[in-house]
Amino acid sequence: MTLRITGRHLDITPALREYVQTRFQRLNRYDLKVGSLQVVLGVEKLRHTAEVVGTVNGKPLQAKTSTREMYASIDELIDRVDA
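Residues numbered from 1 in each chain as written. Predicted model: local features only at pLDDT ≥ 70, side-chain atom pairs only at ≥ 80, totals over all residues. Heavy atoms only, no water.

## As for helix α1 (residues 14-24)
- Those residues of α1 lying buried are L16, V20 and F24. One face of α1 carries all of its buried residues, which in axial projection span an arc of 65 degrees. Exposed and facing more than 90 degrees away from the buried side of α1 are P14 and E18.
- Looking at the packing, one finds that the buried side of α1 touches β1 (2-8), β2 (34-44), β3 (47-56) and α2 (70-82). (Buried < 20%, exposed > 50% of the residue type's maximum accessible area, 1.4 Å probe, protein only. Helix = DSSP H or I, 4+ residues; strand = E, 2+ residues; numbered from the N terminus. Arc of directions from axis to C-beta. Contact = heavy atoms within 4.5 Å.)

Next up, the structure:
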């Protein structure tokens, strides 16, 4: 699985990058054919958004969520993708 992490109006810190990578490792336990995933993190006023676009088992995957904290947004995003 290849992750491409980008930020909108946000600098991606090494700690944030590592957190996203460790959380997305959770998908490996399902033995899915995960292609490349693009994770876009952004900040708009007080809303922290996290979005993922990519392919899993040859099918398109897209999910988006937003909360007041970036780490909570990432956790919610992983839960949506996991479901």
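## Some words on the pattern of salt bridges
- A complete count under the given rule lists four salt bridges for this structure.
- R23 is paired through a salt bridge with D75; the nearest N and O atoms lie 3.1 Å apart. Of this pair, R23 sits in helix α1 while D75 sits in helix α2, placing them 52 residues apart in sequence.
- Given a relative accessible area of 24%, D75 falls into the partly exposed group.
- A salt bridge links R26 to D79, with the shortest nitrogen-to-oxygen separation between them at 3.4 Å. Taken together, the residues R26 in the loop between α1 and β2 and D79 in helix α2 connect sequence positions 53 residues apart.
- Because the salt bridges share partners, they merge into one network encompassing R26, D79 and D82. (Salt bridge = Lys/Arg side-chain N within 4 Å of Asp/Glu carboxyl O.)

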